[in-house]
Amino acid sequence: MQPISDTTEILIAGGGLVGNALALALAQGGLAVTVVDPLPREQQSATAFDGRTSAISQGSVRILDHVGAWRHIVPEAQPIHDIRVCEEEKSGFVHYSDRDVGEPFGYIVPNHILRRGLYQALQEMPGITLRSPNKVTGFVTEPGHITATLDDGSTLRAPLLIAADGRFSGLRDQAGIPHRVISYGQTAIVCVIEHTLPHHGLALEKFYPAGPFALLPLVGQRSGVVWTETDADAAHYVDLPEDAFNAELQRRVGDPATSVWGQVTAIGKRFSYPLKLMHAERFIAPRVALVGDAAHGIHPIAGQGVNLGYRDVAVLAELLIDQRRLGLDLGATALLEHYQRWRRFDSMSMTASTDLLNRLFSNRLPGMSLLRRTGLRMVEHMPRTKKFFMRHAMGLVGDLPHMMRDKAA
Ligand SMILES: Cc1cc2nc3c(=O)[nH]c(=O)nc-3n(C[C@H](O)[C@H](O)[C@H](O)COP(=O)(O)OP(=O)(O)OC[C@H]3O[C@@H](n4cnc5c(N)ncnc54)[C@H](O)[C@@H]3O)c2cc1C
């Protein structure tokens, strides 16, 4: 069969959590978009659970709402009303309440629900061509456009290629963009638990020397667990028999007689994710832009990875839609440089602060425990500082693109 050769305005390699949201935002602005992803369509919209849940900030909710995906997601999104941060079982903690900011901090959503919601919105949106199961295997940059080759031998021509192909982005390497990887020597054990008492929208982050243990409230009497251990210990815990695994979880959640969650039981599969920091040196190359984890992969300690990716989406979509309105080249260097300048500070500061937070809390250095608890107590008694942290985590500070601005403001 003759390989298909086609053209499109924007080619997105990677229809994951970030790539599909970007496709929707661009198509809504009138651009013709082609999304290529090796995952078959049925698998993208299937309810198979990959274990992960995401804390979706209010800023990201505005983006997902704007692109028409949030209404498909919201029935299974649990609002976060309270957040408690503490160190092991020791005294001293910070308690954030959404009463102080007037709206939930964000929502906890299983990743497969996000994927399905995006896919449903994609099917409703004109102007998007899905090429799956397909993979972009390479591309060449030519005057005025790139020509990408797919694994079926066909080619696609576009003025701009957006690499949304995740943390291990092969296209980032092909574009000659160097990246830095630091292994944390930590692995996140991820699973879902059922509990005998309701969580009332409470999220917990408890710091242990090996890493944070987080409980993220899900719809119903369930919570997502992100339990960080050293690589070696994680391998041991993840293989424990059911009773022993539940006992370890209960030890971290607290005594069933006094804990908020009561008795806990793990349900479904356990997953493990080795944790690494990845930051691309540049987010652009001639006629190529990186978004999402292809540009920055951060520690999940603050649940901000995909939220950073959604901010890439809002910024790049705004710039490209304006560029098209003016009838200018969608792959112009000036546009790409503008995108990189706008996103650099946010992504660098989030990468650095999550890295620092992890180093500060995940250690047994003498004196550090006292310092940490003093710090937590101080923040607890500084309402302005607390409010600043809350607005930051909600993704509502900084130079916000239109899509993220409060409509009422
Ligand atoms: C344990 C853990 C917990 C986390 N918790 C949170 C949280 O609470 N909140 C939060 O904001 N973030 C969280 N994150 C981060 C979040 O999961 C990632 O930031 C997010 O998945 C990145 O989405 P993405 O679309 O950039 O990449 P991916 O989801 O990796 O998608 C990449 C897509 O590209 C496709 N692809 C790959 N190669 C090609 C190719 N050559 N051509 C075409 N397509 C290709 C793949 O099939 C895939 O669909 C967590 C991460 C971990 C590890």
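Note that the structure is a prediction, hence the values are computed from the model and not measured.

Draft legend 1. Broad picture of the overall build of the protein. Per the secondary structure count, the protein includes 12 helices and 21 strands. Each principal axis of the C-alpha distribution contributes one length, and for the protein these read about 65 × 45 × 40 Å. The 409 residues of the protein split such that 44% are buried. For the protein, restricting intrachain contacts to residue pairs at least 6 apart in sequence, the fraction spanning at least 24 positions comes to 74%.

Draft legend 2. Looking closely at helix H5 (residues 111–124). Its 14 residues place the ends of H5 20 Å apart at the C-alpha level, agreeing with the 20 Å of an ideal helix rising 1.5 Å per residue. Every buried residue of H5 is listed here: Ile 113, Leu 114, Arg 115, Gly 117, Leu 118, Tyr 119, Ala 121 and Leu 122.

Draft legend 3. Region of the structure containing the site of the ligand. Gly 14, Gly 16, Gly 166, Gly 292 and Gly 305 are the nearest of the 33 residues found near the ligand. Mapped onto the shell around the ligand, the elements with two or more residues apiece are helix H1 (17–28), strand E4 (53–57), strand E14 (179–195) and helix H9 (305–325). In terms of residue count, H9 provides more of the shell around the ligand than any other element does, four residues in total. A breakdown of the residues in the shell around the ligand according to their chemical character gives 15 nonpolar, 13 polar and five charged.

Draft legend 4. Region of the structure containing the sheet that holds strand E12 (residues 155–158). Spatially, the four strands line up as an open sheet ordered E1-E12-E11-E10, and their pairing is mixed. Across the chains shown, the open sheet's two edge strands, defined by having one partner strand only, are strand E1 (5–7) and strand E10 (136–142). Put simply, the sheet's adjacent strands are angled 20° from each other on average, direction ignored. With three bridges connecting them, E1 and E12 associate as parallel partners. Considered in E12, the bridge of Asp 6 is made with Leu 156.

Draft legend 5. Representation of the nonpolar core in the model. Counting 108 residues, the largest nonpolar core has Ala 21, Leu 22, Leu 161, Ile 162, Ala 289, Val 291 and Val 313 as its most contacted members. Setting aside residues no more than four positions away along its own chain, Leu 22 makes contact with Ile 12, Ile 162, Ala 164, Val 291, Val 313, Leu 316 and Ala 317.

Draft legend 6. Quick peek at the sheet that holds strand E2 (residues 10–13). Read across the open sheet, the six strands follow the order E9-E3-E2-E13-E20-E19; overall the sheet is mixed. Looking at which strands have only one partner, the edges of the open sheet turn out to be strand E9 (128–131) and strand E19 (284–285). As paired elements, E2 and strand E13 (residues 160–163) share four bridges and run parallel to each other. By the bridge assignment for E13, Leu 11 is matched with Leu 161.

Draft legend 7. Molecular detail of the pairing of E10. Pairing between E10 and strand E11 (residues 145–150): six bridges, direction antiparallel. Bridging from a neighbouring strand, Val 140 pairs with Thr 147 of E11. Linkage of E10 to E11, two consecutive antiparallel strands, is achieved through a turn of two residues, within which Gly 144 is found at a positive phi near 85°.

Draft legend 8. Structural view of the packing of H9 against helix H10 (residues 333–361). Running from amino to carboxyl end, H9 crosses H10 at an angle of 165°, the nearest separation of the two axes being 10 Å. As the angle between them shows, H9 and H10 are arranged roughly antiparallel. Classified by chirality, the crossing of H10 by H9 is right-handed. Between H9 and H10, the residues in contact are Leu 308, Arg 311, Asp 312, Val 315, Leu 316, Leu 319 and Gln 323 and Leu 335, His 338, Tyr 339, Trp 342, Arg 343, Asp 346, Ser 347 and Met 350, respectively. Here the residues of the contact of H9 with H10 are counted per class, giving eight nonpolar, three polar and four charged.

Draft legend 9. Structural detail: the pairing of E11. Sheet topology note: the E11/E12 ladder contains four bridges and is antiparallel. Along E12, the bridge assignment pairs Thr 147 with Arg 157. Between E11 and E12, which pair antiparallel one after the other, the connecting turn spans four residues, and Gly 153 there sits at a positive phi close to 90°.

Draft legend 10. Here's a closer look at the environment of Thr 196. Mapped onto the fold, Thr 196 is located in the loop between E14 and strand E15 (202–208). Taking the number of C-beta atoms within 10 Å as the measure of exposure, Thr 196 has 12 and is therefore exposed. If sequence neighbours within four positions are ignored, Thr 196 has contacts with Gly 262 and Gln 263.

Draft legend 11. How the structure looks around unusual backbone geometry. A cis geometry characterises the amide bond from Ser 132 onward to Pro 133, with omega recorded as 0°. With respect to the helices and strands, Pro 133 occurs in the loop between E9 and E10. Non-glycine residue His 200 carries a positive phi angle of around 50°. Following the sequence through the fold, His 200 ends up in the loop between E14 and E15. The exposure class of His 200 is exposed, given the 9 C-beta atoms found within 10 Å. Even without being a glycine, Arg 287 presents a positive backbone phi close to 60°. By the secondary structure assignment, Arg 287 is in the loop between E19 and strand E20 (288–290). Taking the C-beta count within 10 Å as the criterion, Arg 287 has 24 such neighbours and is therefore assigned buried.

Draft legend 12. Seen up close, the packing of helix H3 (residues 58–66) against H9. With their axes 9 Å apart at the nearest point, H3 and H9 run at an angle of 45° to one another. Regarding the angle of H3 to H9, the classification is oblique. In the crossing of H3 with H9, the sense of the turn from one axis to the other is left-handed. Contacts from Gly 59, Ser 60 and Ile 63 of H3 reach H9 at Asn 307, Tyr 310, Arg 311, Val 313 and Ala 314.

What counts, and at which threshold
- Here, residues in each chain are numbered from 1, in the same order as that chain's written sequence.
- Side-chain atom pairs in this predicted model are given and counted only at pLDDT of 80 or more, local residue features only at pLDDT of at least 70, and totals for whole chains, interfaces and linings cover all residues.
- In this description a helix means any DSSP run of H or I spanning at least four residues, a strand means any run of E spanning at least two, and both kinds are numbered starting from the N terminus.
- Exposure criterion: with C-beta atoms placed from backbone coordinates, a residue whose C-beta has 20 or more other C-beta atoms within 10 Å is buried, one with 12 or fewer is exposed, and one in between is partly exposed.
- Working definition of a contact: two residues with C-beta atoms, positioned from the backbone, lying within 7 Å.
- In this scheme, a helix's expected span is set at 1.5 Å multiplied by one less than its residue total.
- By definition, a residue lies near a molecule or strand provided its backbone-derived C-beta atom is within 6 Å of it.
- In the scheme used here, Gly and all other residues not listed as nonpolar or charged are polar, with Ala, Val, Leu, Ile, Met, Phe, Trp, Tyr, Cys and Pro taken as nonpolar and Asp, Glu, Lys and Arg as charged.
- By this definition, two strands are paired if DSSP reports at least two bridges between them.
- Helix axes are fitted to C-alpha atoms over the stretch in contact, other axes to C-alpha atoms as well, and angles between N-to-C directions run from 0 to 180 degrees.
- Joined through C-beta atoms within 7 Å, a set of buried Ala, Val, Leu, Ile, Met, Phe, Trp, Tyr and Cys residues constitutes a nonpolar core.
- In what follows, roughly perpendicular refers to angles from 65 to 115 degrees, roughly parallel to angles under 35, roughly antiparallel to angles over 145, and oblique to any angle outside these ranges.
- It is the rotation of the near helix from the far one that decides the hand of a crossing: anticlockwise by less than a right angle makes it left-handed, clockwise makes it right-handed.

Any functional reading would require information beyond the geometric quantities listed.
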